[in-house]
Amino acid sequence: MSGPLLEVANLGKRFGGFVALDGIDLSVARGERVGLIGPNGSGKSTLVNCICGTLANDTGLVSFDGERIDRLDTHERTRRGIARSFQLPRPFASLTVAENLLVPMLYAGNARAGARRSATELAARGADLLQLVGLADKAGHRPRDLTQVEMRKLELARAMAAEPRLLIADESMAGLSQVEVAEIVALLIALNERGVTIILIEHVMRAVMQFSQRLIVLVSGAKIADGAPDAVIRDPQVERAYLGQ
Amino acid sequence: MDVSIDLLINALVAGLLLGGFYAAVTIGVSISFGILDIVNIAHPAFIILGSYIAYMLNTRLGIDPIVASVVMMPAFYALGGLIYQIYHAAFERYGQESLRGLAFFFGLLFITEVVLILAFGIDYRYVAAPYIGPSLHLGVVDLPLRMLVPCLVSLSVFIGLQIFLSGTFTGRAIMAVAQDQLALRLMACSPTRIKRIAFAISIATASIAGALLIVIQPVEPSIGREYIGRVFAICVLGGLGSLPGTLIGAMVVGIVESLTSTFYGPSWAPAVAFGFLLLTLALRPAGLLGR
Amino acid sequence: MRSWVFFLICVAFAAGVFGGARLVGNDYAFFAGYVVLQFIVLAQAWNILGGYTGYVNFGSAAFFALGAYTAVFFHKFHPLPIPLLMLLGGSVSGLAGLGMGYLALRLRGAFFAIATLALAVVLQTLVVNWNYVGGARGAYVIRPESVWLIGNYVQYLFLLMLALAVLAITTARGIERSRLGYGFAAIRDDELAAEACGVPTLRLKLIATTLSGAFMGMAGAPFPYYIGYVQPAAAFGLDYAVNSIAMPMIGGTTTWIGPLVGAILVASLQQWATVTISSELGLLVVGLLLVGFVVVAPGGIVGLVRKHFPAASPGPRLGRESKTADAP
């Protein structure tokens, strides 16, 4: 299998007169760890929404594993192996934490694996995931009982439960302590070593630098840098636009 | 089918007059649904309530129904404020408006109708006023005063509200609350208070709309149901949040209903508005002038 | 408990109910009981779309009436046995549900609800203008005197509705504990997130509207034979819409127990009110209860019980007993 896993070409999106994305090109190779940074309002979430199908792009195209996906519904993209966590957590409020993980396992995991899994297998997988993110003791609770931080972990766990080939983590670490940030980064790297390509969108620079093999910078809907993290950080354009704030 | 031009012109004029009246009926929902995003499907019930109150004041005290309704407006305003308080305390605060809010208003609609049936029975009620009966004749066109007067009153209410919403501070705050609650707070305005005022205004308009209704036609408690669809159809057709759009939508629906009624029979009229609604929702949900 | 075990228990219980009603010896038990059972079906049907999936249907009366008018149509065209009529009525209403879904399900919650109301009125207008089934004048349907094996025709209707109620309850419970049920719950809680989790939301919502419509149509098919005279104003009446919403909301919308409890309570209350005071007062009480519960106790009776007796809340559970997860 060759070629990039995710390919975005000339992606454009406007809201009325406001240009949120201005002809973005980027590609992500299989197994890569990509960091995506940019000031607030630079279009990061819009980009994620267009890749995942929550928003329809106006121009350009999105390809996943060689197949063009930007005309597909969100759930079909998820079934092909793209999962994302939401910046503002959106848990299923009437289900328990464990049941929240069941939904993607039943609808995304099952379909991708092509096999029916028994209830016990699903429960075991769910328990493993919760253990991994540190929510094992909250399995029977409702999301309203969770702290903000725990809800972010649930978001991440739910995205992982979909068994994605590409995971997009949208600002999962805001408000986490240094220890927790390190935990999540380690978790994501471990996931990556198991073959999951990951795009990390973050403001927590320490996490981004630790995690990324490649760094992309978005400012005002345009990509201004794309390369090795150390080089990108020192790019004067990036310093001016982003880090200089 | 022989289409006599006279008949066509009269049907069109009747449609315009009807549309003008429909604008008054709909403006309340334009505010509560279009601007405040509150699905008050009980609005027609308040209109019918207004009709019955106008009826009572007219038959017992001989007061002109429209005058009576203006006098009753403060009471309706207070009722609207009260309902909004309950709605806000029970649903809006928790962001669970959808299912429960709808059920709440549906319940109110139903309760109002049943109470009216218990109080007045299911016979048709009508009012007496000097302009019910005579017509103006302009050439081939018939202008029944019982349609013309409500149309004119309705348009004045419409214009008055438009001026209020764009000219006064409170009015502009109401328009703003739909779009930017934070900015409103920063200007030391409580969004809740503004919304309550807006909702109370919307119910107050029901008082007048009710009087206009009973001038145009006799009423009985279940008539409100026909209006649910009409009102939302006009709102959606005109575009939510746009008052001029509501007027245009009302005219369109009024004309089409009048033409349908004249050439195909009145039993098809209810389907017109609803059919419009479905078409609009399917094809152009933003409406004609919507955001 | 496995679904088929539950089904058998229900059947046994239902047999007991039927036997008990026969013991009472008064035909009124069957007349009143029929209405209660009919509402159990309507409440469960509504709840599949409303409670499980979160889409409020104000047009329940239309699906019920479509079932009834399917029966009227065949009665005039070529009379058929009632169970067959129920299947036909269910199919017609199921198709209507599917159609309504295609038209309305892309709309936001509030618009969907209004669209359902609009559709109900359009359907009613069509029926009112269709003279073959009587139009606005209504249609008379003469009930046969007796039927093979059971004898009394009203008892026969009661038995059919009892069977349908068992079917509705078992189906609702089955959905609740299945993969489909989780999909519905995800849609109800957060449709956007559900899509992101791979849930085919449109397809599931269409399943919900079709199932819901089909059950309502099946409940409507025997109605002309029960009541003898069908008129659009009554068949499409708002009280069906209100009851289908009030019963699950009063009983509790998240589980099959809610609509059952709500239906029995509210329908019995209305029957009692109709006999003692007036049917309008009964309707008023339903309206007041609906508003009251929605404002004060949104979880319904089931919710109240769970709050005070937490041990009694199982919640949806993927079938522990089954070897494989059910697929829709």
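Residues numbered from 1 in each chain as written. Chains lettered and ligands numbered in written order. Predicted model: local features only at pLDDT ≥ 70, side-chain atom pairs only at ≥ 80, totals over all residues. Heavy atoms only, no water.

Things to note about the overall build of chain C
Point 1. What chain C contains, in helices and strands, is 15 helices and four strands.
Point 2. Once the C-alpha set of chain C is aligned to its principal axes, its extents read approximately 55 × 45 × 40 Å.
Point 3. The 328 residues of chain C split such that 59% are buried.
Point 4. Long-range contacts, defined here as pairs at least 24 residues apart, represent 79% of the contacts in chain C between residues at least 6 apart.
Point 5. Taken as a whole, chain C presents about 12600 Å² of accessible surface, with 70% of it coming from carbon and sulfur.
Point 6. Treating the 18 positive side-chain charges of chain C as one cloud and the 11 negative ones as another, the clouds have centres 5 Å apart. (Helix = DSSP H or I, 4+ residues; strand = E, 2+ residues; numbered from the N terminus. Buried < 20%, exposed > 50% of the residue type's maximum accessible area, 1.4 Å probe, protein only. Contact = heavy atoms within 4.5 Å. Areas by Shrake-Rupley, 256 points an atom, 1.4 Å probe, with all protein chains shown as cover. Lys, Arg positive; Asp, Glu negative; His and termini not counted. Charge placed at Lys NZ, Arg CZ, Asp CG, Glu CD.)

Re the interface of chain C and chain B
Point 1. Contacts between the two partners involve 38 residues from chain C and, on the opposite side, 36 residues from chain B.
Point 2. Buried area between chain C and chain B, summed over both chains or domains, comes out near 3400 Å², and the portion from carbon and sulfur atoms is 88%.
Point 3. On the chain C side of the interface with chain B, the three residues burying the most area are C:Phe111, C:Ile114 and C:Leu238, jointly 17% of the side's total.
Point 4. There are one residue pair in polar contact (both at pLDDT 80 or more) connecting chain C and chain B. (Buried area = accessible area lost by both parts, 1.4 Å probe. Polar contact = N/O pair within 3.5 Å; in protein donor to acceptor, adjacent residues only side chain to side chain.)

Thoughts on the interface of chain C and chain A
Point 1. Contacts between the two partners involve 28 residues from chain C and, on the opposite side, 28 residues from chain A.
Point 2. Buried area between chain C and chain A, summed over both chains or domains, comes out near 2400 Å², and the portion from carbon and sulfur atoms is 63%.
Point 3. Considering only the side of chain C, the residues that lose the most area to chain A are C:Arg179, C:Tyr182 and C:Cys197, jointly responsible for 25% of the buried surface there.
Point 4. Here chain C is connected to chain A by one salt bridge. (Salt bridge = Lys/Arg side-chain N within 4 Å of Asp/Glu carboxyl O.)

Structural notes on the environment of B:Ile27
Residues and elements named next belong to chain B.
Point 1. Among the secondary structure elements, isoleucine 27 is positioned in helix α1 (residues 5–35).
Point 2. The spatial distance from the C-alpha of isoleucine 27 to the C-alpha of glycine 139 is 33 Å, given a sequence separation of 112 residues.
Point 3. When near neighbours in sequence (up to four residues on either side) are disregarded, isoleucine 27 contacts Phe158, Leu161, Thr205 and Leu243.

A few points about the sheet that holds strand β9 (residues 214–219) of chain A
Residue and element names in this part refer to chain A.
Point 1. Strands sit in the order β6-β7-β8-β3-β9-β10 across an open sheet of six strands; the sheet is mixed. Single-partner strands in this sheet number two, and they are β6 (82–85) and β10 (222–227). On average, adjacent strands in this sheet sit at an angle of 15° to one another, irrespective of strand direction.
Point 2. Pairing between strand β7 (residues 166–170) and strand β8 (residues 197–201): five bridges, direction parallel. Among the inter-strand pairings, leucine 167 is bridged to a residue of β8, identified as isoleucine 198.
Point 3. Strands β6 and β7 of the sheet are contacted by helix α5 (residues 148–161), whose axis makes an angle of about 175° with β6. (Pairing = 2+ DSSP bridges. Axes fitted to C-alpha atoms, helices over the stretch in contact; angles between N-to-C directions.)

Section: unusual backbone geometry
Residues and elements named next belong to chain A.
Point 1. Even without being glycine, aspartate 65 reaches a positive phi, approximately 55°.
Point 2. Counting through the fold element by element, aspartate 65 comes out in the loop between β4 (59–64) and β5 (67–68).
Point 3. In this structure aspartate 65 comes out as partly exposed when scored by relative accessible area, which is 25%.

Topic: the confidence of the model for chain C
One rule of thumb: low pLDDT means the predicted coordinates there are not for detailed reading.
All names here are of chain C.
Point 1. Residues with a pLDDT of 70 or more make up 92% of chain C, whose mean pLDDT is 85.
Point 2. For chain C, the element scoring lowest by mean pLDDT is strand β2 (residues 146–147), at 68; helix α9 (residues 201–220) scores highest, at 94.
Point 3. The low-confidence segment residues 319–328 (pLDDT under 50) makes 19 contacts with residues lying over four places distant or belonging to another chain.
Point 4. Scored as a complex, the prediction yields pTM 0.87 and ipTM 0.90. (pLDDT = per-residue confidence, 0-100.)

Some thoughts on the sheet that holds β4(A)
Hydrogen bonds along the backbone pair up the strands of a sheet, which may run parallel or antiparallel.
All names here are of chain A.
Point 1. One open sheet accounts for four strands, arranged β2-β1-β4-β5; its pairing is antiparallel. A single partner strand is all that each edge strand has here, and the edge strands are β2 (18–28) and β5.
Point 2. Bridge count between strand β1 (residues 6–15) and β2: seven bridges; the pairing is antiparallel. Bridge pairing in β2 links valine 8 to leucine 26.

Observations regarding helix α6 (residues 153–176) of chain C
Point 1. Here α6(C) contains 24 residues, and its C-alpha end-to-end distance of 35 Å stays within 8% of the 34 Å for a straight helix at 1.5 Å per residue.
Point 2. For α6(C), a buried count of 19 out of 24 residues is recorded, marking the element as mostly surrounded by other parts of the structure. (Expected span 1.5 Å × (residues − 1).)

Here's the deal with the environment of B:Gly229
Residue and element names in this part refer to chain B.
Point 1. Within the secondary structure, glycine 229 is located in helix α9 (residues 224–238).
Point 2. In this structure glycine 229 comes out as buried when scored by relative accessible area, which is 1%.
Point 3. Note: C-alpha distance between glycine 229 and leucine 116 (113 residues apart in sequence) is 20 Å.
Point 4. Here glycine 229 is in contact with Phe274 and Leu277, once residues within four sequence places are set aside.

As for helix α11 (residues 269–283) of chain B
Residues three or four positions apart in an α-helix share a direction because the helix packs 3.6 residues into each turn.
Point 1. Under the 1.5 Å per step criterion, the end-to-end length of α11(B) is 22 Å for 15 residues, consistent within 8% with the ideal 21 Å.
Point 2. Every buried residue belonging to α11(B) is among B:Ala269, B:Ala271, B:Val272, B:Ala273, B:Phe274, B:Leu277, B:Leu278, B:Thr280 and B:Leu281, and all of these are buried.
Point 3. Buried-residue contacts for α11(B) involve α9 and α10 (243–264) of chain B together with α5 (109–128) of chain C.

Details of the packing of α6(C) against α9(C)
All names here are of chain C.
Point 1. It is at 10 Å that the axes of α6 and α9 come closest, and there the two elements cross at 165°. Judged on the interaxial angle alone, α9 and α6 are roughly antiparallel. In this structure, α6 crosses over α9, and the sense of that crossing is left-handed. Each of Met161, Leu164, Leu167, Ala168, Thr171 and Ile175 in α6 lies in contact with α9, whose residues at this interface are Leu211, Phe215, Met218 and Ala219.
Point 2. Grouping the amino acids of the contact of α6 with α9 by side-chain chemistry returns nine nonpolar, one polar and no charged. (Parallel < 35°, antiparallel > 145°, perpendicular 65-115°, else oblique. Left-handed = near helix turned anticlockwise from the far one by under 90°. Nonpolar A, V, L, I, M, F, W, Y, C, P; charged D, E, K, R; others polar.)

Quick look at the pattern of salt bridges
Point 1. With the rule as written, the count across this model stands at 17 salt bridges over all chains.
Point 2. Of the charged contacts, one joins C:Asp189 and C:Arg188 as a salt bridge, the two residues approaching to 3.6 Å between their closest N and O atoms.
Point 3. One network of salt bridges, in which partners are shared, links A:Glu32, A:Arg214, A:Lys223 and A:Asp226.

A look at the confidence of the model for chain B
Point 1. When pLDDT is averaged along chain B, the result is 84; 92% of the residues meet or exceed 70.
Point 2. Within chain B, the element-level pLDDT minimum falls on helix α7 (residues 181–186) of chain B, averaging 69, and the maximum on helix α2 (residues 43–61) of chain B, averaging 93.

Some thoughts on a nonpolar patch on the surface
Point 1. A surface patch of nonpolar side chains, amounting to about 360 Å² of accessible area, comprises B:Leu61, B:Ile63, B:Val67 and B:Val71.
Point 2. Take B:Leu61: it is sitting in helix α2. (Patch = residues over 30% accessible without salt bridge, like charges linked within 9 Å, V, L, I, M, F, W, Y side chains within 5 Å.)

As for the arrangement of the chains
Point 1. The highest contact count of any of the two pairs of chains in contact belongs to chains B and C.
Point 2. These two, chain A and chain B, are apart from each other, with no contact and a minimum C-alpha gap of 11 Å.

A word on the packing of aromatic side chains
Point 1. On inspection of all chains with the given rule, the structure shows 29 aromatic pairs over all chains.
Point 2. Where B:Tyr52 meets B:Tyr55, the ring centres are 6.5 Å apart and the plane angle is 80°; that geometry is what we call edge-to-face. Of the two residues, B:Tyr52 and B:Tyr55 both sit in helix α2, three residues apart, roughly one turn of that helix. For the residue pair B:Tyr52 and B:Tyr55, the accessibility class agrees, reading buried in each case.
Point 3. One aromatic cluster is present, formed by B:Tyr84, B:Tyr87, B:Phe104, B:Phe105 and B:Phe199 through successive ring pairs.
Point 4. The cationic tip of A:Arg33 hangs over the ring face of A:Phe211; the distance from NZ or CZ to the ring centre is 5.4 Å.
Point 5. The residue whose ring lies beneath C:Arg179 is A:Tyr107, and the NZ or CZ to ring-centre distance is 4.3 Å. (Phe/Tyr/Trp six-rings, centres within 6.5 Å; stacked < 30°, edge-to-face > 60°. Lys NZ or Arg CZ within 6 Å of the ring centre and 35° of its normal.)

Side note on the pairing of β7(A)
Residues and elements named next belong to chain A.
Point 1. Across the five residues of β7, five count as buried, placing the element largely inside the fold.
Point 2. Burial of the side chains of β7 extends over both faces: Leu166, Ile168 and Asp170 are buried on one face and Leu167 and Ala169 on the other.
Point 3. Across four bridges, the pairing between β6 and β7 is parallel. Bridge pairing in β7 links alanine 83 to leucine 167.
Point 4. In the classification by handedness, the crossover that spans β7, the intervening helix α6 (residues 178–193) and the parallel β8 is right-handed. (Right-handed = clockwise from strand over helix to strand, strands pointing away.)

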